[in-house]
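A closer look at the structure
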Amino acid sequence: MASTRDWFETVAEARRRARRRLPRSVYLALVAGAEKGVTLRDNVQAFSELRFAPPRIADLPASRELATTVLGQEISLPVIASPTGVQAVHPQGEVGVARGTSEAATAMGLSSFASMPVEEVAAVNPKFFFQVYWSGDRDTILARMERARGAGAKGLIVTLDWSFSNGRDWGSPAIPERMDLKSSMRLAPEGMTRPRYVLDWFRHGGLPDLTVPNMARPGEPAPTFFGVYGEWMQTPPATWADIAWLRERWGGEFMVKGVMRPDDARRAVDIGATAVSVSNHGGNNLDGTPAAIRALPAVADAVGGQAEVLLDGGIRRGGDVVKALALGARAVMIGRAYLWGLAANGPAGVRNVFDVLRGGIDSTLLALGRRSVHDLVPGDVIVPEGFTTGLHK
Ligand SMILES: Cc1cc2nc3c(=O)[nH]c(=O)nc-3n(C[C@H](O)[C@H](O)[C@H](O)COP(=O)(O)O)c2cc1C
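The structure presented is a predicted model; accordingly, all values stated were derived computationally and were not measured.

1. Thoughts on the overall build of the protein
Counting its regular elements, the protein contains 14 helices and 12 strands. Taken across its 393 residues, the protein has 56% of its residues classed as buried. Once local pairs closer than 6 in sequence are excluded, the contacts in the protein between residues at least 24 apart make up 73%. Carbon together with sulfur atoms contributes 53% to the accessible area of the protein, which is approximately 16,700 Å² in total.

2. As for the nonpolar core
Leu 246, Phe 254, Ile 293 and Leu 311 are the most contacted members of the largest nonpolar core, which has 101 residues in total. In terms of residues, this core owes the most to one element, helix H14 (residues 336-368), which gives 14 residues. Dropping the residues within four chain positions of it, Phe 254 is found in contact with Leu 71, Leu 156, Val 158, Ile 243, Leu 246, Arg 247, Ile 271, Ala 273, Thr 274 and Ala 275. Core analysis: the second largest hydrophobic core is formed by 12 residues, Phe 129, Met 255, Ala 275 and Ala 331 among them.

3. Some words on the pairing of strand E9 (residues 275-278)
Side chains Ala 275 and Ser 277 of E9 all project onto a buried face; the interleaved residues Val 276 and Val 278 project onto the opposite face, where all are buried too. Both strand E8 (residues 254-259) and E9 contribute to a ladder of four bridges, which runs parallel. Counted as the bridge partner of Lys 257 is Ser 277 from E9. With helix H11 (residues 262-270) bridging E8 and the parallel E9, this β-α-β connection has right-handed handedness. Here four bridges tie E9 to strand E10 (residues 308-312), and the two strands are oriented parallel to one another. Bridged to Val 278 within E10 is Leu 311. Following the backbone out of E9, through helix H12 (residues 292-303) and into the adjacent parallel E10, one traces a crossover that is right-handed.

4. Topic: the pairing of strand E11 (residues 331-334)
Residue alternation in E11 divides its side chains into two sets, Ala 331 and Met 333 and Val 332 and Ile 334, and both sets are buried. Since E10 and E11 lie parallel, the crossover through helix H13 (residues 318-326) that links them has a hand, and here it is right-handed.

5. Considerations on the site of the ligand
Among the 23 residues in the neighbourhood of the ligand, the closest are listed as Pro 83, Ser 111, Tyr 133, Thr 159 and Asp 312. Only helix H2 (24-31) and H14 provide two or more residues apiece to the shell around the ligand. For the shell around the ligand, the residue count by class is six nonpolar, 13 polar and four charged.

6. Remarks on the packing of helix H6 (residues 138-151) against helix H10 (residues 240-250)
Where H6 meets H10, the closest approach of the two axes is 11 Å, and the angle between their N-to-C directions is 35°. Like other packed secondary-structure pairs, H6 and H10 cross with a definite hand, here right-handed. Residue-level inspection shows Arg 138, Ile 141, Leu 142, Met 145, Glu 146 and Arg 149 of H6 in contact with H10, the latter providing Ala 241, Asp 242, Trp 245, Leu 246, Arg 249 and Trp 250. For the contact of H6 with H10, the per-class residue count stands at seven nonpolar, no polar and five charged.

7. Things to note about the packing of aromatic side chains
Enumeration over the complete set of coordinates arrives at 12 aromatic pairs. Ring centres of Trp 134 and Trp 245 lie 6.1 Å apart, and the angle between their planes is 90°; this geometry places the pair in the edge-to-face category. Residue Trp 134 is located in the loop between strand E6 (128-132) and H6, and its partner Trp 245 is located in helix H10; the two are separated by 111 residues in the primary sequence. Both residues of the pair, Trp 134 and Trp 245, belong to the buried class. Ring centres of Tyr 229 and Trp 232 lie 5.4 Å apart, and the angle between their planes is 85°; this geometry places the pair in the edge-to-face category. With Tyr 229 and Trp 232 both in helix H9 (residues 225-234) and three residues apart, the pair spans about one turn of that helix.

8. Some points on H9
Within H9, burial applies to Val 228, Tyr 229, Glu 231 and Trp 232. All buried residues of H9 fall inside an arc of 155° around its axis, so they share one side. On its buried face, H9 sits against H6.

9. Focus on the side chain of Ser 25
Looking at the secondary structure, you find Ser 25 in helix H2. A relative accessible area of 17% means that Ser 25 is categorised as buried. The contacts of Ser 25, once residues within four sequence positions are left out, are Pro 173 and Glu 190.

10. Notes on the packing of helix H1 (residues 11-21) against H14
When two helices pack together, you describe them by how their axes are tilted relative to each other and by the distance separating the axes. H14 packs onto H1 with a crossing angle of 175° between their chain directions and a minimal axis gap of 10 Å. It follows from the interaxial angle that H1 and H14 lie roughly antiparallel. Where H1 approaches H14, its residues Val 11, Ala 14, Arg 15, Arg 17, Ala 18 and Arg 21 are matched on the opposing element by Ala 337, Trp 340, Gly 341, Ala 343, Ala 344, Val 353, Val 356 and Leu 357. Here the contact of H1 with H14 is composed, by residue class, of 10 nonpolar, one polar and three charged.

11. Concerning the environment of Asp 180
When you line up the elements, Asp 180 lands in the loop between strand E7 (155-159) and helix H7 (181-192). Between the C-alpha atom of Asp 180 and that of Leu 207, which follows or precedes it by 27 residues, the distance is 9.3 Å.

What counts and what doesn't
- Residues numbered from 1 in each chain as written.
- Predicted model: local features only at pLDDT ≥ 70, side-chain atom pairs only at ≥ 80, totals over all residues.
- Heavy atoms only, no water.
- Helix = DSSP H or I, 4+ residues; strand = E, 2+ residues; numbered from the N terminus.
- Buried < 20%, exposed > 50% of the residue type's maximum accessible area, 1.4 Å probe, protein only.
- Contact = heavy atoms within 4.5 Å.
- Areas by Shrake-Rupley, 256 points an atom, 1.4 Å probe, with all protein chains shown as cover.
- Core = buried A, V, L, I, M, F, W, Y, C linked by side-chain atoms within 4.5 Å.
- Pairing = 2+ DSSP bridges.
- Right-handed = clockwise from strand over helix to strand, strands pointing away.
- Near = heavy atom within 4 Å.
- Nonpolar A, V, L, I, M, F, W, Y, C, P; charged D, E, K, R; others polar.
- Axes fitted to C-alpha atoms, helices over the stretch in contact; angles between N-to-C directions.
- Left-handed = near helix turned anticlockwise from the far one by under 90°.
- Phe/Tyr/Trp six-rings, centres within 6.5 Å; stacked < 30°, edge-to-face > 60°.
- Arc of directions from axis to C-beta.
- Parallel < 35°, antiparallel > 145°, perpendicular 65-115°, else oblique.

Now the structure itself:
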């Protein structure tokens, strides 16, 4: 269906609309990508190296089954929203993502660096998983986790692949610590180039405050993003014993995100993880690591029988989802795609992105002659030699 004012037909179009709508620094913060952007580009490029098996032309299934479950939650398609801090993209922020994902009948990950309180997100989409980093002491981590549990989180995601890479060759946008008078004045010229964006915020009560309410200690006000980033940098990196402790304290569905190696996947399963996400943080961390999809086959081989294997990084169309499923993922998570949708058209834009992917998955299944997402097999995809770049068992 061709794009209209209220509908975009591809994720690429959502991205163009986001670029037109957002102030430059906000748009650049979404694109992100560490250092030279090698991994960022490879995440997307690697999907183009995979080909589908030649399509079938008769005896095709008249309807296709896309529904599945992730971490015990029923979802209408094998795609959920990956946790992202949605600072300043849209006044509805993660609540808007909750609305869009709920309308698409799927689940979302909620970042602990989110701009909206977990309780407000839970009220809109109860199918959410809370994401934590190993930041602060154990009591602090526990308090954040218990707050999310109290709000109804259906699972915990612990993201372990951050090593504080900084510096982007294309220039990091200067994000203020707080939106006070001084920073508003500094950003005013940028805002003037995007009056609709600024107006939207004022209609919702004012400019983004850039705080992270879910990182607040009990009874204390929401800290700033940079304040807690400092806490995180000073926290000694988690050991497997720390993660085992966290898993035990949580007790329920538990995903380790950022797994790129079969040995790490096995360790995660050993400590009781019920899911892993094969991910390189969307190319935002250690630049030069391979695309997530290149690491998927080896991780799926190693733990696919014992835990749910998800993939995130570079998903831009329904065909990408099908490729990941054929290579062993149960479902995928998307990041930038829904953020562009949110920027382009709020919650309806988030839903639009999921509907674009839904249409693409459905038509790919039809062409491949597969009745269900559960019927996909590695043979549905042609993998060129050297694709996995030596990421072995
Ligand atoms: C702007 C932005 C913020 C992100 N924030 C988080 C976060 O707070 N926690 C987390 O686990 N991952 C975070 N991620 C990584 C995503 O969850 C996901 O791994 C990545 O975006 C997937 O790649 P894609 O954007 O190509 O779909 C972030 C990614 C982006 C682009």
